[in-house]
Amino acid sequence: MATILRDTTLVPVRNMVDHKVVYVIPELNRRVVFEPFQEKKIPAGELRTLNYSTGGEVLLHNYLCIKSNDLRAEFNIPKDMVEYDWTERDIKRVLEDLSTPIEELEDALDFGPEGIREMIVDCAVKWKIPDSNRRKVISKMTGVNIDRKIEFLEEVEGGTEQVERTSRRRLAKQEPERTGRRIKK
C-alpha cells in the first residue's frame, strides 16, 4: 500500500535524457532546469502541481525519473516499466554488450519511456554500434534509419578536416605570347 507523501517532502528526481529538461509552474513562480542526467530534490507538492499542469504529466512519465515509488503510484507510472530507472550505462549495456539478449532492447523500445527510446537512437548513432541486428531492430521499431544516420555522421566528421592551403601556384604566371604582329594606331 502506497503512503501519501507530504507536500514538503523532498523527492529525488533525475533527468533521464542527454539534453536539458525545463518546466515552469507559474502558480508557484518556479522555473526548474535539469541539465543532462542531473538529479535534484524537488518537493512532492511541486511535483503534484507539475503532474496536473499542461505537459507536466508527459515530462514526469517520459523524461524525468521520480525516485519515489509512492509518487510513481500516485502519478500512474507503471511498476513494471523497468526502463524508467535506466541510466546511460544501461543503454550502453543493451546496445554494445552482445551477451545481453536483443529481446531486452526490443522490450525497451516497446515499453520504455519516450526519453529512453530517444536515448537509444542517439547513443546507437553516437557510439556507431557495430551489431547490425541491433541497428535493424532500432530502425524497424523507431522508424529512424540508424545506418544512414551513422553514414551522415561519418561524412560530417570527415568533412571537418582542414584542407591544407598550398603556398605556391600550380601554374606559373606567364607573359602572354607575342605573335610579332603590331596594331597600328
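Residues numbered from 1 in each chain as written. Predicted model: local features only at pLDDT ≥ 70, side-chain atom pairs only at ≥ 80, totals over all residues. Heavy atoms only, no water.

Turning our eyes to something else, we now look at the pairing of strand β1 (residues 10-15). Sheet topology note: the β1/strand β4 (residues 39-43) ladder contains five bridges and is antiparallel. Note that in β4 the partner of P12 across the bridge is K41. Relative to strand β5 (residues 64-66), β1 runs antiparallel, the two sharing three bridges. If you follow V13 over to β5, its bridge partner there is I66. (Pairing = 2+ DSSP bridges. Helix = DSSP H or I, 4+ residues; strand = E, 2+ residues; numbered from the N terminus.)

All right, on to the environment of I4 then. In this fold, I4 is placed in the segment before β1. I4 sits in the exposed class, given a relative accessible area of 75%. Placed 40 residues apart in sequence, I4 and A44 show a C-alpha to C-alpha distance of 9.8 Å. (Buried < 20%, exposed > 50% of the residue type's maximum accessible area, 1.4 Å probe, protein only.)

Here we come to the nonpolar core. Across soluble globular proteins, nonpolar side chains have a tendency to be buried as a group. Core analysis: the biggest nonpolar cluster contains 44 residues, and Y23, L95, I120 and I138 have the highest contact counts within it. With seven residues, the single largest contributor to this core is helix α6 (residues 114-126). In this structure, L95 is in contact with L105, I120, C123, A124, W127, I129, R134 and I138, ignoring residues within four places of it in sequence. (Core = buried A, V, L, I, M, F, W, Y, C linked by side-chain atoms within 4.5 Å. Contact = heavy atoms within 4.5 Å.)

The next subject is helix α5 (residues 102-111). Along α5, the residues that are buried comprise L105, A108 and L109. Along the axis of α5, the buried residues cluster in a sector spanning 95°; they form a single face. Structurally, α5 contributes buried residues whose contacts are with α4 (88-96), α6 and α7 (132-142). (Arc of directions from axis to C-beta.)

For the coordinates displayed, the defined rule picks out 14 salt bridges. Here E46 and R30 are joined by a salt bridge, their closest N and O atoms 2.9 Å apart. With a gap of 16 residues between them, E46 in helix α1 (residues 44-51) and R30 in strand β3 (residues 30-34) connect regions that are remote in the sequence. When its relative accessible area of 6% is taken as the criterion, E46 is described as buried. Relative accessible area serves as the criterion here: at 31%, R30 is assigned to the partly exposed category. (Salt bridge = Lys/Arg side-chain N within 4 Å of Asp/Glu carboxyl O.)

The end-to-end C-alpha distance of helix α8 (residues 146-158), which contains 13 residues, comes to 18 Å, matching closely the 18 Å that a straight helix rising 1.5 Å per residue would cover. Its side-chain oxygen at 3.2 Å from the backbone nitrogen of D147, N145 defines the N-terminal cap of α8. (Expected span 1.5 Å × (residues − 1). Polar contact = N/O pair within 3.5 Å; in protein donor to acceptor, adjacent residues only side chain to side chain.)

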